[in-house]
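# Structural overview
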Amino acid sequence: MSIKWDTRFLGLAAHISSWSKDPSSQVGAVITEGNRIVALGYNGFAAGVNDTPERLQDRACKLNLTIHAEENAMIFAKRDLSGCTVYVTHPPCPRCASKLIQEEVARIVSIQPSSDFLSRWAEDLQLSYQMYAEADISYQAYTVNDISVTNAQVTMAPGGYFNQVLSQLLLKL
């Protein structure tokens, strides 16, 4: 896969992550087969389970109720994922890494974690990386600076309708 498609799908995963209601960790995942999207997922509570502010602020409760982005994408795929690529905004935890390996995905691509993220999860991520190596799963991480319009090779007509929509949706944070 080229940096163009990796960047596009990581950008989509980042957009999908904004759908999560988690106030501290928003994660998005995109599963692809070649250049085709198989499934999308973001972290959150199961459908029908109340995601109240109290539950989202209670770390222990939130961790017990949350389905990870990768898990949600696998659930929504409802198909064999052998040979697929998974794009995720954060490196998968060992729990998700083991499920991705069991699904026989070929490749996992993420955005390099921040130093703050690594201060909390570095040991867990080392276990994930070790499992990928043992299972012969390709893993690649891109820096935040790699996720760019230039690398994605996308074109937006200046002043065009699509540019206006994106400005409304994304740029007015």
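Let me begin by describing the structure that accompanies this report. Just so we're clear, the structure is a prediction, and the values are computed from it rather than from any experiment.

## Section: the overall build of the protein chain
- For the protein chain, the helix and strand inventory stands at eight helices and seven strands.
- Looking at the 173 residues of the protein chain, the share that counts as buried comes to 35%.
- Within the structure as shown, the protein chain displays about 10100 Å² of accessible surface, and the carbon and sulfur contribution to it stands at 54%.

## A word on the sheet that holds strand β2 (residues 36–42)
- Read across the sheet, five strands follow the order β2-β1-β5-β6-β7 without closing on themselves; strand pairing throughout is mixed. Two strands bound the open sheet, and with one partner strand each, they are β2 and β7 (138–142). Each adjacent strand pair in this sheet contributes to an overall mean axis angle of 15°, direction not counted.
- In this sheet, β2 lies alongside strand β1 (residues 28–33) in antiparallel orientation, the contact comprising six bridges. Bridging from a neighbouring strand, isoleucine 31 pairs with alanine 39 of β2.
- Against the sheet, helix α1 (residues 3–17) makes contact with β1, β2, β5 (85–88), β6 (107–111) and β7, and its axis sits at roughly 140° relative to β1, the strand it touches most.

## Some remarks on helix α6 (residues 115–135)
- When the local axis directions of α6 are compared, the greatest deviation, roughly 75°, occurs at tryptophan 121.
- Among the residues of α6, those classed as buried are Phe117, Leu125, Ser128 and Tyr132.
- Tucked into the core, α6 has its buried residues touching α5 (94–102), β6 and β7.
- One or two positions beyond α6, positive phi appears at aspartate 136, with a value near 60°.

## Some words on the pairing of β1
- The element β1 is extensively covered by neighbouring structure, given that five of its six residues are classed as buried.
- Sheet topology places β1 next to β5; four bridges connect them, and they run antiparallel. In the strand pairing of β5, valine 30 is matched with tyrosine 87.

## Re unusual backbone geometry
- Positive phi, normally seen in glycine, also occurs at glutamate 104, with a value near 65°.
- As for its position among the elements, glutamate 104 is in the loop between α5 and β6.
- Even without being glycine, aspartate 136 reaches a positive phi, approximately 60°.
- Checked against the element boundaries, aspartate 136 lands in the loop between α6 and β7.
- By relative accessible area, aspartate 136 is classed as exposed at 69%.

## Notes on the packing of aromatic side chains
- Summed over all chains, the structure comprises six aromatic pairs.
- When the centroid spacing of 6.5 Å and the interplanar angle of 45° are considered together, the rings of tyrosine 129 and tyrosine 132 count as tilted. You can see tyrosine 129 and its partner tyrosine 132 sitting in helix α6, three residues apart, about one turn around the helix.
- By relative accessible area, tyrosine 132 is classed as buried at 2%.
- Considering the side-chain rings of tyrosine 129 and tyrosine 139, the 5.0 Å spacing of their centres and the 35° angle between planes classify their relative orientation as tilted. Of this pair, tyrosine 129 sits in helix α6 while tyrosine 139 sits in strand β7, and the two are ten residues apart along the sequence.
- Residue tyrosine 129 is classed as partly exposed on the basis of its relative accessible area, which comes to 25%.
- Among the residues examined, tyrosine 139 registers a relative accessible area of 24% and is labelled partly exposed.

The rules behind the values
Residues numbered from 1 in each chain as written. Predicted model: local features only at pLDDT ≥ 70, side-chain atom pairs only at ≥ 80, totals over all residues. Heavy atoms only, no water. Helix = DSSP H or I, 4+ residues; strand = E, 2+ residues; numbered from the N terminus. Buried < 20%, exposed > 50% of the residue type's maximum accessible area, 1.4 Å probe, protein only. Areas by Shrake-Rupley, 256 points an atom, 1.4 Å probe, with all protein chains shown as cover. Pairing = 2+ DSSP bridges. Axes fitted to C-alpha atoms, helices over the stretch in contact; angles between N-to-C directions. Contact = heavy atoms within 4.5 Å. Bend = angle between axes of the 7 residues up to and from the residue. Phe/Tyr/Trp six-rings, centres within 6.5 Å; stacked < 30°, edge-to-face > 60°.

Distances and angles like these do not, on their own, reveal function.
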